[in-house]
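Residue-level listing of the chains:
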Amino acid sequence: MRTKLLLSLVLGIGLTVATGVLTSSIQAAPVPTALYNAPHLDVTREWWTAAQNYVHQDLKPLSIDDGTPDWTAYGENPSDYFGCSLNWGDVNGDGYADVAIGATGYPSGDEWGRAYVYRGSETGLSTSPTFTATGEKVFIDNFGIAIASAGDVNGDGYADLVVGAWSYPSENEGEIYIYHGSASGLSAIPALTITGENDGDEFGTSVASIGDVNGDGFADIAVGAPGYNRWDKNRQGKVYVYHGSAMGLNATPAFTATGENVLDNFGTVASAGDVNGDGFADLVVGASSYGSSDRGKVYVYYGSATGLSTTPAFTATGENDSDHFGKSVASAGDINGDGFSDLIIGASSYGSDNQGKAYVYHGSVTGLSATPAFTATGENDGDLFGQAVAAAGGANGDGFADVVIGAFYYNNHRGKIYVYHGSAAGLNATPASTITGENDYDYFGQVLASAGDVNGDGYADIAISAIGHSGWRGKVYVYHGSGSGALPTVARQLRGDGSDIPVQPWGSSHTTDTFKVQVNASLPISPSLVKLQVQVCQPGMPF
């Protein structure tokens, strides 16, 4: 029997430190809520979607009020475009998030491309990369144009990495590279490479871990090829989904979808989370040039036991011609705390003078809302607000997911990012925090991402790039979460086989009937109680 989990913490007044491992016996679903006060909880199968939203996002607050970064890194050379892509995962299973960064222009504009991983620790990210990989130097590879944690595609408990090289080898066919994680970090040699179907496809322009779309316990990935069907003649675009397995990622796609029209540029991919609460991950795809006038369109495909639906369950189209709706797409986490993932979409060219606009659609048992529950527009003409969007973790620790939106043309291309807090009613209309780039033409906020929790303090961190900084050398900023009005909490899932190896999001517990959840929490006053609530129910049933 497959089941899914919803985790939340109830902290007693005055708790100083509490640590526990939860295991107990549950044989069927749905079941009553189980509390931390029993030492053991066993279930037939774990599902980590809601747990990822509630533990890794909602319960880890982020505060960036003073705008001072806690960590920065620079590209090695001018014209490296360091920071052109950002993502995170725990590639060595030590409990700290690691940050992956792409530099597609490396070295000095020759565009072989390079990928870097900086290791998380108790003191934050390492000052030097612990992993680097460079394009094959066949011609202009643009290796690193897209980078993402692949989740745990082979179920070994370590996050894996996927890197795209859209120009490889010389006719823009495109290629992706999969590196497996381990206790010592990422493999030096890719475990798998996959090449695009045709010249001009630009396969690997967009890559994403999309969770577990078929419920087999292995993470799956999506790859976009926006130039599919010959870049100079068609550009319909195409998306490919590859399923994970015990042997790693399957080289043959389990799912493909093609754009509706020529010049749609269908292929901006991201996880949609689980928007209908059925326990299967969903996929969102943007086609920012949809229609003959660049209006833009977004498609969501639902997961199931057999994989993704062949036709989209949800679509939305831009309001106006030239909006480029779907330029950016992302899961927003659970903004209103109803147990369903929500979706955020950017339309960076919205308005007659490219102000830009962002839209949020709420999930529900029937899927995404037909109309947006929240919209926000750029401050000024030409800001390109919504060029990048991402979940920002639980910025104020209130149990609701928050989002971050970039406007990289703001104030003479200096750039600016905006953090909006979630609530039971949805996102607040006014941003809770903003940060502006250091210099004109830095393009701060063109790329942004959640950084997970790089220092293990229980607070969400975010990463922002300024790829134009210092002659396109590029610079990346990481802002640590802090305790502004919130309580630190750390919870994670461990294997049930006795090894206590961490389970990556959507991963397997490596047993048929057991998993473990460990929680650390602290409050500043005197000792009290903490309990971890675990709700288990069958896929297809809401919490």
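Since this is a predicted model, take the numbers as computed values, not measurements.

Student: Help me get a handle on the pairing of strand S31 (residues 461–466), residues and values and all.
Tutor: On a regular strand, one side chain projects to one face of the sheet and the next to the other, so that they alternate. When you tally the buried positions in S31, you get six out of six residues, the bulk of the element. Residues Asp-461, Ala-463 and Ser-465 of S31 are buried on one face, and the alternating residues Ile-462, Ile-464 and Ala-466, pointing to the opposite face, are buried as well. Two strands pair when backbone bridges link them, and strand S30 (residues 444–452) and S31 are joined in this way by six bridges, in the antiparallel orientation. Residue pairing for S31: Val-447 is matched across the bridge by Ser-465. By the bridge criterion, five bridges tie S31 to strand S32 (residues 475–479) in an arrangement that is antiparallel. For Ala-463, the partnering residue across the bridge sits in S32 and is Val-478.

Student: An account of the environment of Tyr-410 is needed here, citing residue identities and associated values.
Tutor: With respect to the secondary-structure elements, Tyr-410 resides in helix H4 (residues 410–413). Excluding residues within four positions of it along the chain, Tyr-410 makes contact with Glu-379, Asn-380, Asp-383, Gly-415, Lys-416, Tyr-418 and Thr-436.

Student: Account for the pattern of salt bridges, naming residues and giving values.
Tutor: Should the charged atoms of two oppositely charged side chains come close, the side chains can pair. In this structure the tally under the stated criterion is nine salt bridges. A salt bridge links Glu-197 to Lys-238; its shortest N-O distance comes to 2.8 Å. One end of the pair, Glu-197, is in the loop between strand S13 (192–195) and strand S14 (206–211); the other, Lys-238, is in strand S16 (residues 238–242), with 41 residues separating them in the sequence. Asp-321 serves as the salt-bridge partner of Arg-295, at 3.0 Å between the closest nitrogen and oxygen. Placement of the pair is Arg-295 in the loop between helix H2 (290–294) and strand S20 (297–301) and Asp-321 in the loop between strand S21 (314–317) and strand S22 (325–333), with a sequence separation of 26 residues. A residue is classified by how much of its surface remains accessible, and Arg-295, at 26% relative accessible area, is partly exposed. The class of Asp-321 is partly exposed, set by a relative accessible area of 43%.

Student: Which residues make up the sheet that holds strand S6 (residues 82–89), and what values go with them?
Tutor: Strand order in the open sheet formed by four strands is S6-S7-S8-S9, and the pairing between neighbours is antiparallel. Among the strands making up the open sheet, the edge pair consists of S6 and strand S9 (131–134). Strand-to-strand twist in this sheet, taken as the mean axis angle between neighbours without regard to direction, amounts to 15 degrees. Where strand S7 (residues 98–103) meets strand S8 (residues 114–118), five bridges bridge the pair, whose relative direction is antiparallel. Across the sheet, the residue bridging to Val-99 is Tyr-118, located in S8.

Student: Give me the lowdown on the sheet that holds S14, citing residues and values where you can.
Tutor: Ordered by their spatial adjacency, four strands build an open sheet running S14-S15-S16-S17, and the pairing between neighbours is antiparallel. Only two strands of the sheet have a single partner each, and these edge strands are S14 and strand S17 (255–258). Sheet twist, expressed as the average angle between the axes of neighbouring strands with direction ignored, equals 20 degrees. Bridge count between S14 and strand S15 (residues 220–225): five bridges; the pairing is antiparallel. Residue pairing in the sheet places Ser-206 in a bridge with Gly-224 of S15.

Student: Got a sec to walk through the environment of Gln-236? Specific residues and values, please.
Tutor: Among the structural elements, Gln-236 can be located in the loop between S15 and S16. You can call Gln-236 buried: its relative accessible area is 16%. Contact partners of Gln-236, with chain neighbours within four places excluded, come to Pro-226, Tyr-228, Asn-229, Thr-258, Gly-259, Glu-260, Asn-261, Val-262, Leu-263, Asp-264, Asn-265 and Phe-266. A distance of 3.1 Å separates polar atoms of two side chains, one belonging to Gln-236 and the other to Asn-229.

Student: I'd love a proper account of the pairing of S22, names of residues and values included.
Tutor: Most of S22 sits out of view: eight of its nine residues are buried. Bridging between S22 and strand S23 (residues 342–347) involves six bridges; their strand directions are antiparallel. Within S23, the position partnered with Phe-325 by the bridge is Ala-347.

What counts and what doesn't
Residues numbered from 1 in each chain as written. Predicted model: local features only at pLDDT ≥ 70, side-chain atom pairs only at ≥ 80, totals over all residues. Heavy atoms only, no water. Buried < 20%, exposed > 50% of the residue type's maximum accessible area, 1.4 Å probe, protein only. Helix = DSSP H or I, 4+ residues; strand = E, 2+ residues; numbered from the N terminus. Pairing = 2+ DSSP bridges. Contact = heavy atoms within 4.5 Å. Salt bridge = Lys/Arg side-chain N within 4 Å of Asp/Glu carboxyl O. Axes fitted to C-alpha atoms, helices over the stretch in contact; angles between N-to-C directions. Polar contact = N/O pair within 3.5 Å; in protein donor to acceptor, adjacent residues only side chain to side chain.

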